[in-house]
Amino acid sequence: MTVEAKYLSRDAFAERIAKMPAVILPLGATEQHGHHLPLGVDIILAEALSKRIAEATGATVMPAMPFGYSWVWRDDPGSVSVESRTLEDVICQVAESLARHGVRHVFLVNGHEANGATMKYASRRLWDHADVKVWRLFYPDLAAVMAEHCESPTWQGIVHACEFETSLMLAVAPDLVDMTKAVREYPERDRGYFQGGRPMGELSRSGVFGDATLATAEKGEAMLAIFVENMARAVREICADG
C-alpha cells in the first residue's frame, strides 16, 4: 500500500490520518549539482527519506516542495530560487490546511541545507497553534555519519554535489548519476561568500564542493539507513507524546 498522499483517494487519506495523525512534507530545491547529478537531487533525496520514514512509522507523505532558497546558484542553468519568507508561508498554510483534516504533526524532511532557517521560523509560527505542530528533520548527526562512511572531507563544512550527496543518489536513483562526469573540486575559502553576499556559483568551476569521485551506492545506503532509523524514532516519540 502506498504511503504517498498524491496516490491516495480522499477516503484512503482520511483512514491513514485516523490511524496516524502525522504527515511528512519533503522539502527540496531545484538547483545545479555539478555535471554528474540532476537538478532535483534535493527533492529526490527528501522524497526517498520521507517514504522510508513513512513506511516505518505509518505517517503519510505529502507531495514534495520542489523549490527552495537557491539564490547562490542564480546564474546556473535550471536553478530556481524562491524567497525564504515565501516558502515559510507555504509551509504554514499547508500545515493549517491539513489541521482541518485531523493532522496533528507535520514533519519537514529536508534535502536542502538552505531551507533550515525557513523551517525553524515556520515551526515557531505554529508552535502555539491549538491543533498542529511543525517539526524539523535534516540528516541527524550528519558530521558523525559522514566521518564514519565518507573518505573525503567537506568543503568548509558544506555538502554539495560531493561524495555525500552523490553516494545517496547512487543508492536511491543510480540511473540519474553519471559518474564519468564526477569530479573533485575544493574552491579556495572566499571572504566574499562567508562574510559578504557572493553567490557560491562564482566559486566553483564544476559546481562540486568536495570529492564526488569517491561516492558509492554502498556508502549511500549505509548512511540512509542511519538517517531513517533516527528520523523514524523521532516521529514515533513525538507522536506518542500527542
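What counts, and where the lines are drawn
By convention here, each chain's residues receive numbers from 1 onward along its written sequence. In view of the model being predicted, local features appear only for residues whose pLDDT reaches at least 70, and side-chain atom pairs are presented and counted only at 80 or more, with totals across whole chains, interfaces and linings using the full set of residues. Derived side-chain values reflect all non-hydrogen atoms in the structure, with water molecules and hydrogen atoms excluded from consideration. Each Phe, Tyr or Trp ring, with Trp reduced to its six-membered ring, pairs with another whose centre is within 6.5 Å; inter-plane angles below 30 degrees give stacked pairs, above 60 give edge-to-face pairs, and intermediate values give tilted ones. Under the scheme used here, helices are H or I runs from DSSP no shorter than 4 residues and strands are E runs no shorter than 2 residues, and both carry numbers assigned from the N terminus. Buried means the residue's accessible area, taken with a 1.4 Å probe over protein chains only, is under 20% of the maximum for its type, while exposed means over 50%, and partly exposed covers the values in between. A ring is considered to have a charge above it if a Lys NZ or an Arg CZ atom is located within 6 Å of its centre and within 35 degrees of its normal. Under the rule applied, a polar contact is a pair of N or O atoms within 3.5 Å (in protein, one hydrogen donor and one hydrogen acceptor; residues adjacent in sequence only if both atoms are side-chain atoms). Between two residues, a contact is recorded if the distance between any of their heavy atoms is within 4.5 Å.

Draft legend 1. Structural detail: the packing of aromatic side chains. Here the structure, examined in full by the defined rule, presents ten aromatic pairs. Ring geometry for Trp155 and Phe194: centres 5.5 Å apart, planes at 35°, overall tilted. With Trp155 in the loop between α5 (142–149) and α6 (163–172) and Phe194 in helix α7 (residues 191–194), the pair connects residues that are 39 residues apart, well separated along the chain. By relative accessible area, which is 1% here, Trp155 ends up buried. Accessibility expressed as a relative area gives 29% for Phe194, which makes it partly exposed. Of the aromatic side chains, those joined through ring pairs into one cluster are Trp73, Trp155, Tyr193, Phe194 and Phe209. Here Arg189 stacks its cationic end above the ring of Phe194, 4.0 Å away from the centre of that ring.

Draft legend 2. Structural detail: the side chain of Thr166. Following the sequence through the fold, Thr166 ends up in helix α6. By relative accessible area, which is 0% here, Thr166 ends up buried. In this structure the side chain of Thr166 is engaged in a polar contact, spanning 2.9 Å, whose partner is the side chain of His36. Contact partners of Thr166, with chain neighbours within four places excluded, come to His36, Leu37, Ala161, Val177, Met179, Ala212 and Ala215.

Draft legend 3. Focus on unusual backbone geometry. Phi at Asp141 takes a positive value of approximately 55°, unusual for a residue other than glycine. Here Asp141 lies in the loop between β4 (133–137) and α5. Here the phi dihedral of Ala161 falls at roughly 60°; this positive angle occurs in a residue that is not glycine. Relative to the helices and strands, Ala161 resides in the loop between α5 and α6.

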